[in-house]
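# A closer look at the structure
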Amino acid sequence: MALTTIDWPTELPVVRHGEHWIARAGAREVRLSNLPKVYWPQEGFTKGDLLTYYFNVSETMLPHLECRPLTMKRMPNGVGGSFFYEKNAPKHTPDWMLTLPVPSDSDTKIINYLTVRDALEMLWVANLGAIEFHPLHARGSDQTHPSYAFFDLDPAEGAGFEEARYVASLVKVLLDRLGLQAYPKTSGATGIQIMLPLDGTHTYDEVRGVVGVISELVHEADSTTTTLEWEVSKRTGKVFLDVNMNREGANIAAAYSVRPEPNATVSTPFEWAELGTIENHSIQSIFGRIAKVGDPFLPVAEGPGQSLLPAIDALGAKPRKARMVRR
DNA sequence: GCAGACA
DNA sequence: TGTCTGCAACGCATC
DNA sequence: GATGCG
Ligand SMILES: [Mn+2]
Ligand SMILES: [Mn+2]
């Protein structure tokens, strides 16, 4: 049985060692398991394909993961099996992996998140069956000031990607009017996210205020195609503007994260000019795109970050406090 | 996916 | 030795 | 407090 089923830019640099495969970098050694195991039965893609994808995409993806506490969506038995999210680093984490302690539950607990710094560390994480990489919205242990604001466009049942494209165009019109730079990506599943790099001076309450007011304006402009309803059954046929994901401890699949979807799709950053034609790329197709257009999302990682103050003034956007949580 | 408990 | 079991999130909205 | 949501 083959370890991988796809022609990759670079094959995984591993040496077979009995039941396992060893990848090395300096003094560090990672033992990889079950590489021929089929993770996408319909396509025949293996765990080896998943790991080889992350190895090849590491150079492009790492700027978006740098210093960010990581939540893993793990599916050790492939996309047909059960999943779980994992935030705390497992007990068996090697000492050379970097972890970041982050206060949670209104500061009463500490979560020791994993962080990845290079391709080998990404391989160690992916080997856990981590199909999705979900970085937090801020870098480091202080998670009070996100490095971006974002619009999470979720087509509900009865709506699809075409509607998400259209709603993204409505958001873009308002952002242009406010003078805000924003960068879109497909989620890799059904929706689109639009990210606004920030200068690190804004709290989540302020960010929710701005994203909330703009979302309400979009909803007023087209209440047939968009919804802000919390109840799923009231969203049918519309695109849900998920303002609340701008929140401490929340996360979304990173740019270039794999998704447990048919064809092994990946979250695909794109240029606004491509809004009408972009589709989710896959672990197979994304490398041709990267070779051609590079990474349209680089400014989300490298800045420049923006201040929201002009938009807050223009919109009269008040901070949206989270309700006080039980201790 | 994996470590540890158990037969 | 092989097989089995336990374990692996969170913050916020709404009622 | 319990449940829903992503
Ligand atoms: Mn989404
Ligand atoms: Mn969402």
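Residues numbered from 1 in each chain as written. Chains lettered and ligands numbered in written order. Predicted model: local features only at pLDDT ≥ 70, side-chain atom pairs only at ≥ 80, totals over all residues. Heavy atoms only, no water.

### Notes on the nonpolar core
A general feature of soluble globular proteins is that nonpolar side chains tend to end up buried together. Rule in force here: Remark: nonpolar core denotes a set of buried residues (Ala, Val, Leu, Ile, Met, Phe, Trp, Tyr, Cys) joined through side-chain atoms within 4.5 Å. Only protein chains enter the accessibility calculation, which uses a 1.4 Å probe. A residue is then buried if its area is under 20% of the maximum for its type, exposed if over 50%, and partly exposed in between. Domain start and stop points were drawn from an automatic or database domain assignment. Whether two residues are in contact is decided by their heavy atoms: any pair within 4.5 Å suffices.
Membership of the largest hydrophobic core comes to 54 residues, with the highest contact counts inside it found for Tyr53, Tyr54, Met61, Val125, Val258 and Ile283. Summarising the domain contributions, this core has at least three residues from each of domain 1 (15–135) and domain 2 (148–315). With near-sequence residues (within four places) excluded, Val258 lies in contact with Trp40, Leu50, Tyr53, Tyr54, Ile131, Glu132, Thr265, Val266 and Ile283. Membership of the second largest hydrophobic core comes to 34 residues, among which are Ala149, Val211, Val218 and Leu241.

### Regarding the pattern of salt bridges
Note the threshold: Salt bridges are defined as contacts in which a side-chain nitrogen from Lys or Arg sits within 4 Å of a carboxyl oxygen from Asp or Glu. Only DSSP runs of H or I covering at least 4 residues are called helices, and only runs of E covering at least 2 are called strands; the numbering of each starts at the N terminus.
The final tally for this structure, using the stated rule, is 14 salt bridges. Here Arg165 ties to Glu162 by a salt bridge, and the two come within 2.7 Å at their closest N and O atoms. Placement of both Arg165 and Glu162 in helix 3 (residues 161–177) is noted, with a separation of 3 residues, approximately one turn of the helix. For the salt bridge of Asp176 with Lys172, the shortest nitrogen-to-oxygen distance reads 2.8 Å. Of this pair, Asp176 and Lys172 both sit in helix 3, 4 residues apart, which is roughly one turn of that helix. If you follow the salt bridges from partner to partner, you end up with Arg28, Arg117, Asp118 and Glu121 in one network.

### Notes on the coordination of the manganese ion (ligand 2)
The cut-off we apply is this: Donor criterion used throughout: N, O or S atom within 2.8 Å of the metal, extended to 3.2 Å for Na, K and Ca. Water excluded; incomplete-looking sites may result.
The manganese ion (ligand 2) binds to the protein through Asp152 (OD), Asp154 (OD) and Asp242 (OD), with metal-donor distances spanning 2.1 to 2.3 Å. Site description for the manganese ion (ligand 2): donor spacing in sequence, D-x1-D-x87-D. A separation of 3.5 Å is found between the manganese ion (ligand 2) and the manganese ion (ligand 1), both of which receive a donor from Asp152.

### Observations regarding the protein's contact with DNA strand B
The condition that has to hold: Throughout this document, a residue counts as near a molecule or strand when at least one of its heavy atoms sits within 4 Å of that molecule or strand. Polar contact is the term for a pair of N or O atoms within 3.5 Å; when the atoms are in protein, one must be able to donate a hydrogen and the other to accept it, and sequence-neighboring residues count only if both atoms are side-chain atoms. Residue polarity follows a fixed list, in which Ala, Val, Leu, Ile, Met, Phe, Trp, Tyr, Cys and Pro are nonpolar, Asp, Glu, Lys and Arg are charged, and the others, Gly among them, are polar.
For DNA strand B, the full set of nearby residues is Ser33, Asn34, Lys37, Tyr39, Lys47, Arg74, Pro76, His92, Asn127, Leu128 and Gly129. Near-protein atoms of DNA strand B (within 4 Å) split between backbone and bases, with sugar and phosphate holding 84%. Taking Tyr39, its side chain carries an N or O atom lying 2.3 Å from a phosphate oxygen of DNA strand B. Lys47 has a polar side-chain atom sitting 3.1 Å from a phosphate oxygen of DNA strand B. Counted by class, the surface near DNA strand B contains 3 nonpolar, 5 polar and 3 charged residues.

### Quick notes on helix 1 (residues 47–61)
Worth spelling out the cut-off: The angle separating two fitted axes, one through the seven residues that finish at a residue and one through the seven that start at it, defines the bend at that residue.
When the local axis directions of helix 1 are compared, the greatest deviation, roughly 35°, occurs at Phe55. By the criterion of burial, helix 1 is predominantly enclosed, with 13 of the 15 residues buried. Its side-chain oxygen at 3.2 Å from the backbone nitrogen of Gly48, Thr46 defines the N-terminal cap of helix 1.

### Details of the domain arrangement of chain A
Heads up, the rule is: Summed over both partners, the accessible area lost on bringing two parts together, with a 1.4 Å probe, is the buried area.
Domain annotation for chain A reports domain 1 (15–135) and domain 2 (148–315). Here domain 1 and domain 2 have C-alpha centroids that lie 25 Å from each other. Listed by partner, the interface residues are 26 residues for domain 1 and 27 residues for domain 2. Interface area for domain 1 against domain 2, summed over the two sides, is near 2,100 Å², with a carbon-plus-sulfur share of 62%. Counting across the interface, domain 1 meets domain 2 through 1 salt bridge. In this structure, Glu132 engages Arg259 in a salt bridge whose closest nitrogen and oxygen atoms are separated by 2.7 Å. Going through the elements one at a time, helix 1, strand 6 (70–74) and strand 10 (130–135) are the ones with two or more residues in the side of domain 1 that touches domain 2. It is helix 1 that contributes the most residues to the side of domain 1 that touches domain 2, 8 residues altogether. Taken together, the residues of the side of domain 1 that touches domain 2 break down into 15 nonpolar, 5 polar and 6 charged.

### Some details on helix 2 (residues 119–126)
Within helix 2, 8 of the 8 residues are buried, which leaves it mostly tucked inside the rest of the structure. Among all positions of helix 2, only Ala119, Leu120, Glu121, Met122, Leu123, Trp124, Val125 and Ala126 are buried. On its buried face, helix 2 is in contact with strand 2 (20–25), strand 3 (28–33), helix 1, strand 6, strand 9 (109–115) and strand 10. Between a side-chain oxygen at the N-terminus of helix 2 and the backbone nitrogen of Leu120 the separation is 3.2 Å; the capping residue is Asp118.

### A look at the coordination of the manganese ion (ligand 1)
At 2.1 to 2.2 Å from the manganese ion (ligand 1) lie its protein donor atoms, namely Asp152 (OD) and Asp154 (OD). Take Asp152: its relative accessible area is 7%, and that puts it in the buried class.

### Re the layout of surface pockets
We apply this condition: Think of a 1 Å grid over the protein atoms and nothing else: a 1.4 Å probe that fits but is trapped marks a cavity, an open set flanked by protein within 12 Å on at least five of seven lines marks a pocket, and residues with an atom within 4 Å of a point count as lining. Grid points are joined across faces, edges and corners, and a volume is the space filled by probe spheres set on the points.
Considered as a void within the structure, the second largest pocket measures approximately 360 Å³ in volume. What lines the second largest pocket is a set of 21 residues, among which His134, Met245, Asn251, Ile252 and Arg259 lie closest to the centre. When residues of the lining of the second largest pocket are traced back to their parent elements, those giving at least two are strand 10 and strand 11 (148–155). For the lining of the second largest pocket, the residue count by class is 6 nonpolar, 8 polar and 7 charged. For the lining of the second largest pocket, the domains that each give at least three residues are domain 1 (15–135) and domain 2 (148–315).

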